[in-house]
Amino acid sequence: MAEDVGMLASADEPDKGLIAAYRTIPGTADEMLDAEGNTRPGWTTLISALERAGPEALAEQFARADQYLRDAGVFYRVYGAPEAAERAWPLAHLPLLIDEDEWRGIAEGVAQRAELLERVAADIYGENRLVAQGLLPAELVAASPEFLRPMVGIAPAGGRFLHFCAFDLGRGPDGRWWVLGDRTQAPSGAGFALENRVATTRALGKTYGVLNVTRLAGFFRDFRDALLNFARQDGGRVAVLSPGPHNETYYEHAYIARYLGFMLLEGEDLSVRDGRVMVRTIDGGRPVSVLWRRLDAAFTDPLELNPLSQIGTPGLVEAVRQGSVSLVNALGAGVLESRALLAFLPRIAEALGQGLTLPNIATWWCGDAAARDHVAAHFDEMVIGPALSTRLTFEDDGETALGASLDEAARAAVRARLERDGGSLVGQEAVTLSTTPVYVDGRLEPRPVSLRVFAARTADGWTVMPGGLARVGFTLDTKAIAMQQGGQAADVWVMAKGPIAQISLIPQDESAYSRVMGGVLPARAADSLFWLGRYIERAESLLRILRAYHARLAESGTPELPLLADVRAYLGGLQIEVEPAIPAGLARDIDSAVYSASQIRDRFSADGWLALNDLKKTVARFSDRVEPGDDATGAMTVLLRKLAGFAGLVYENMYRFTGWRFLEIGRRLERAMQLAWTLAWLTRADAPEGAADLAIEIGDSQITHRRRYSVRTGSRSVLDLLVLDALNPRSIAFQVARMREQIEQLPHAETGARLPATVRDVLRLDTDLRTADADALTTERLHGLAGDLAALASSLGRTYLT
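Residues numbered from 1 in each chain as written. Predicted model: local features only at pLDDT ≥ 70, side-chain atom pairs only at ≥ 80, totals over all residues. Heavy atoms only, no water.

1. Re the overall build of the protein
Then, in step 1: Looking only at helices and strands, the protein features 25 helices and 21 strands.
Then, in step 2: For a compact globule of 802 residues, the expected C-alpha radius of gyration is about 28 Å, and the protein comes in at 31 Å, within 12% of that figure.
Then, in step 3: Considering only C-alpha atoms, the protein reaches an extent of 95 × 65 × 65 Å along its principal axes.
Then, in step 4: Per-residue burial for the protein yields a buried fraction of 56% across its 802 residues.
Then, in step 5: Look at the contacts in the protein between residues 6 or more apart in sequence, and 72% of them connect residues 24 or more apart.
Then, in step 6: In the structure as shown, the protein presents an accessible area of about 33,600 Å², 50% of it carried by carbon and sulfur atoms.
Then, in step 7: With 85 positive and 104 negative side-chain charges, the protein shows a separation of 4 Å between the mean positions of the two kinds. (Helix = DSSP H or I, 4+ residues; strand = E, 2+ residues; numbered from the N terminus. Rg over C-alpha atoms; globule rule 2.2 N^0.38 Å. Buried < 20%, exposed > 50% of the residue type's maximum accessible area, 1.4 Å probe, protein only. Contact = heavy atoms within 4.5 Å. Areas by Shrake-Rupley, 256 points an atom, 1.4 Å probe, with all protein chains shown as cover. Lys, Arg positive; Asp, Glu negative; His and termini not counted. Charge placed at Lys NZ, Arg CZ, Asp CG, Glu CD.)

2. A few points about the environment of I536
Then, in step 1: Structurally, I536 can be placed in helix α14 (residues 523-556).
Then, in step 2: Separated by 25 residues in the primary sequence, I536 and L561 have C-alpha atoms spaced 30 Å apart.
Then, in step 3: Filtering out sequence-adjacent residues up to four positions away, I536 remains in contact with A593, L612, L643 and F646.

3. Structural notes on the pairing of strand β14 (residues 382-386)
Then, in step 1: Burial runs high along β14: five of the five residues are buried.
Then, in step 2: As paired strands, β14 and strand β16 (residues 425-429) are joined by five bridges and run antiparallel to one another. Bridge assignment links M382 to a residue of β16, and that residue is E429.
Then, in step 3: Strand direction decides the pairing type here: β14 and strand β15 (residues 401-402), joined by two bridges, are antiparallel. Across the sheet, the residue bridging to V383 is L402, located in β15. (Pairing = 2+ DSSP bridges.)

4. Focus: helix α20 (residues 691-698)
Then, in step 1: Most of α20 sits out of view: seven of its eight residues are buried.
Then, in step 2: At its buried positions, α20 is contacted by α14, α15 (562-573), α19 (658-682), α21 (702-708) and α22 (715-724).
Then, in step 3: Looking one or two places after α20, you find D700, whose phi comes out positive at around 55 degrees.

5. Points about the nonpolar core
Then, in step 1: In this structure, F662 and V723 are the most contacted members of the largest nonpolar core, which totals 96 residues.
Then, in step 2: The contact partners of F662, leaving out residues within four places of it in the chain, are I282, L521, A526, L529, F530, L746, Y800 and L801.
Then, in step 3: A297, V325, L358 and W365 belong to the second largest nonpolar core, which has 82 residues in total. (Core = buried A, V, L, I, M, F, W, Y, C linked by side-chain atoms within 4.5 Å.)

6. Description of the sheet that holds strand β9 (residues 276-281)
Then, in step 1: If you walk across this open sheet you meet the three strands as β8-β9-β10, and the pairing is antiparallel. Each edge of the open sheet is held by one strand with a lone partner, namely β8 (270-273) and β10 (284-287). Mean inter-strand twist for the sheet, computed between neighbouring axes without regard to direction, equals 45 degrees.
Then, in step 2: Of the strand pairs in this sheet, β9 and β10 are connected by four bridges, and their pairing is antiparallel. Following the sheet pairing, M278 is matched in β10 by P287. (Axes fitted to C-alpha atoms, helices over the stretch in contact; angles between N-to-C directions.)

7. With respect to the pairing of strand β20 (residues 469-472)
Then, in step 1: In β20, alternate side chains face the same way, and those of L469 and R471 on one face and A470 and V472 on the other are all buried.
Then, in step 2: Relative to strand β21 (residues 488-495), β20 runs antiparallel, the two being bridged by four bridges. Looking at the pairing, R471 lines up with A489 of β21.

8. Quick look at the pattern of salt bridges
Should their charged atoms come close, side chains of opposite charge can pair.
Then, in step 1: One pass over the structure, following the stated rule, counts 48 salt bridges.
Then, in step 2: In this structure, D225 engages R224 in a salt bridge whose closest nitrogen and oxygen atoms are separated by 3.1 Å.
Then, in step 3: Residue class for R224 comes out buried when judged on its relative accessible area of 13%.
Then, in step 4: D602 is the salt-bridge partner of R603, the closest N and O atoms lying 4.0 Å from each other.
Then, in step 5: Judged by its relative accessible area of 31%, R603 is partly exposed.
Then, in step 6: Under the relative-accessibility criterion, D602 is labelled buried at 10%.
Then, in step 7: Each of D99, E100, D101, R104 and K497 takes part in one network of salt bridges that share partners. (Salt bridge = Lys/Arg side-chain N within 4 Å of Asp/Glu carboxyl O.)

9. Some points on the sheet that holds β16
Then, in step 1: Pairing is antiparallel across the open sheet formed by four strands, whose spatial order is β13-β16-β14-β15. Since the sheet does not close on itself, it has two edges, and those belong to β13 (363-365) and β15, each with one partner.
Then, in step 2: Sheet contacts for helix α12 (residues 369-377): β13, β14 and β16; angle to β13, the most-contacted strand, approximately 125 degrees.

10. Description of the packing of aromatic side chains
Then, in step 1: A full pass over the atoms with the stated rule returns 21 aromatic pairs.
Then, in step 2: Between W531 and Y535, the aromatic rings sit 5.4 Å apart at their centres with planes inclined by 40 degrees, giving tilted as the arrangement. Of this pair, W531 and Y535 both sit in helix α14, separated by four residues, roughly a single helical turn.
Then, in step 3: Taking relative accessible area as the criterion, W531 reaches 26% and is therefore assigned partly exposed.
Then, in step 4: Y535 gets classed as buried once you look at its relative accessible area, which sits at 18%.
Then, in step 5: Taken together, a centroid distance of 4.0 Å and an interplanar angle of 0 degrees make the contact between Y570 and W681 stacked. Separated by 111 residues along the polypeptide, Y570 in helix α15 and W681 in helix α19 bring together distant segments of the chain.
Then, in step 6: Classification of Y570 as buried rests on a relative accessible area of 16%.
Then, in step 7: Classification of W681 as buried rests on a relative accessible area of 7%. (Phe/Tyr/Trp six-rings, centres within 6.5 Å; stacked < 30°, edge-to-face > 60°.)

11. Details of the side chain of T618
Then, in step 1: Inspection of the secondary structure assignment puts T618 in helix α17 (residues 606-623).
Then, in step 2: Non-local contacts of T618, meaning those with residues more than four positions away in its chain, are made with V638, L639 and K642.

12. Comments concerning the side chain of N212
Then, in step 1: Inspection of the secondary structure puts N212 in the loop between α7 (190-210) and α8 (217-232).
Then, in step 2: Within polar-contact distance, the side chain of N212 engages the backbone oxygen of G498 at 3.5 Å.
Then, in step 3: Other than its neighbours up to four places away in sequence, N212 contacts V494, M495, A496, K497, G498, P499 and I500. (Polar contact = N/O pair within 3.5 Å; in protein donor to acceptor, adjacent residues only side chain to side chain.)

13. Description of the packing of α20 against α22
The description of two packed helices rests on the angle between their axes and on the distance between the axes.
Then, in step 1: The N-to-C vectors of α20 and α22 enclose an angle of 20 degrees; their axes lie 10 Å apart at closest approach. With respect to α22, the element α20 is oriented roughly parallel. For the pair α20 and α22, the sense of crossing is left-handed. Between α20, through A692, A695 and I696, and α22, the contact on the second element is made entirely by V718, L721 and L722.
Then, in step 2: A breakdown of the residues in the contact of α20 with α22 according to their chemical character gives six nonpolar, no polar and no charged. (Parallel < 35°, antiparallel > 145°, perpendicular 65-115°, else oblique. Left-handed = near helix turned anticlockwise from the far one by under 90°. Nonpolar A, V, L, I, M, F, W, Y, C, P; charged D, E, K, R; others polar.)

Printed below as a string of structure tokens:
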């Protein structure tokens, strides 16, 4: 490895193989080659490493990066797709390289712009001096759908409207960076930038070290500490507020929450009591002081904002009004994303005593007569679109178009609208984005690129992430670089001149060591863990019955065998068919388990998620290929082994605290219920021959039965072993005993001499089983036992999960 690093470091000249074949686009800036055709800093080393590796080795390296993203479950959702389209994260394997001197200028401009937007937001929801002084049209603010009237006059807790912002930049033909758009509503991409970094270093780790790439962890550490310190002042907690799993960037919400150690909440997890925001937990309400908001502001409170919202929390605005909660960013901050605002920011900055260090793309609001005349006179050179749109200038929103690209009828319609309703339109200078090289089939090709940069407020002011998210096109079409339209994402390497310190989110000061127990478990998360355990056990029970059925079918070759007909009848009552061999009901159980796990991605390990998705993919793969009989028996064995692997992974690796308890309770409860129903069926008086042996096999206790009982398998020995034997890990008594242990350790609101209801219920069950006799376990008694277990599930739900 040392020799390889030395080779990289000594590469003074770019390898002419890839560079010579690379063709920049005339009139367009390029990120690898400057205007004179010279290689920009860092690219020499990177391209030389690619050339030395060769196409085959590079394909393997890039495949490692892609495999990491698949294993980690990184995805984004495409809206409007015919199916619920979760798309694999499209990594552009070559990073965008930026020298630290150039980056310093970008960072200074971004920090200045963030503070400017803070002052604009404070004025819009405060004294309105910008409107009074003619620096900002009143109608432009009032017409914005992101301007929230209920927030006017409300000073946010801590006095700041903006805490986390993103800025989309593009390099123009002159080589300068320009701001294409501001992101202040609920900026996305920071978590994906972290995953891009991990994936890219899987492919290009040696080069990464040689180029002294600045780490990202310090940025997140400083912002995390700022939010935590702010929350401590009010005795509350920090949480990420997400719209839920159906949001396009939900993966990022879960990743950021897990990475920073924050709770991941949805609107239904919260309530407002006496003006204080509380998270519903299994132990009652707990205060939340800071919400990193990842849903649009209007949807946060159906009481005072959008009444149609089903993902918000009634009363949240009142909590903000009373100053008991701080939102990141403040409600109403989305008004700053308006495309038309770009036309006024330069003048506002000058009026406030400072010109923009990082200019934005030239924009004219057509509600102003002079600006409208300018747009009309330069119609063919303008991109014309809605004034209040928040999309980037190069994204196709269905209404934005380059004047020169319109036919005569469309041109006439736009011109007429300019005269009739100019205030609803803006004209912007047509964007020519710079290009960056992508590696395609052994060669480098230029593709348009934009850069998203992130800024966060800390105790020392604005800090800028030393890197970001580069969005790269698949083609030269600048409209096709947005994620929703097929773009790729690339890591951004900011290269320092010297070695980089290793930075971690883990505190390095041993003197500050303390063990913090607990934390809160939201009721919704507990519910998801509980049902994850239940669905996994439900799938296992079905698999064991199906495997036993197909094994006997393979032996006899006679589906009309009474025992097989009896199995089919039992499964039919559960709406499960034995043909196809992999029934839809099994796939539904696995899908439900995956869905439950998706609700708690912030609490679920990457390995567990990988194992669960592998199980889902295996079921899908088998569904079209497996034949009844011996083939199905083998398939069921494979699926049972994968289920056992997933359960073992979770059991061995998950921290033994409240969340794990609900997962464990769910598993034990469902296993006991399924076994009670199965035994009631197989030990009834008219059960066909072989039913007892089938019960022992489904209960996975053949060896134990042979060792424990010196008699032929019969109903009494089966019931004794599978219901009453507390030492048999597959028995109902064992499951109930384990549930009792976990339920007794749950928080209980009831006080006094009387035991809590859930403890009484499980204690009664445990006592009944410990004192029962196999002779008394009639079919009716087993059905009653299943009913008691169902009642315990309801009791748990009422107490903790609703």
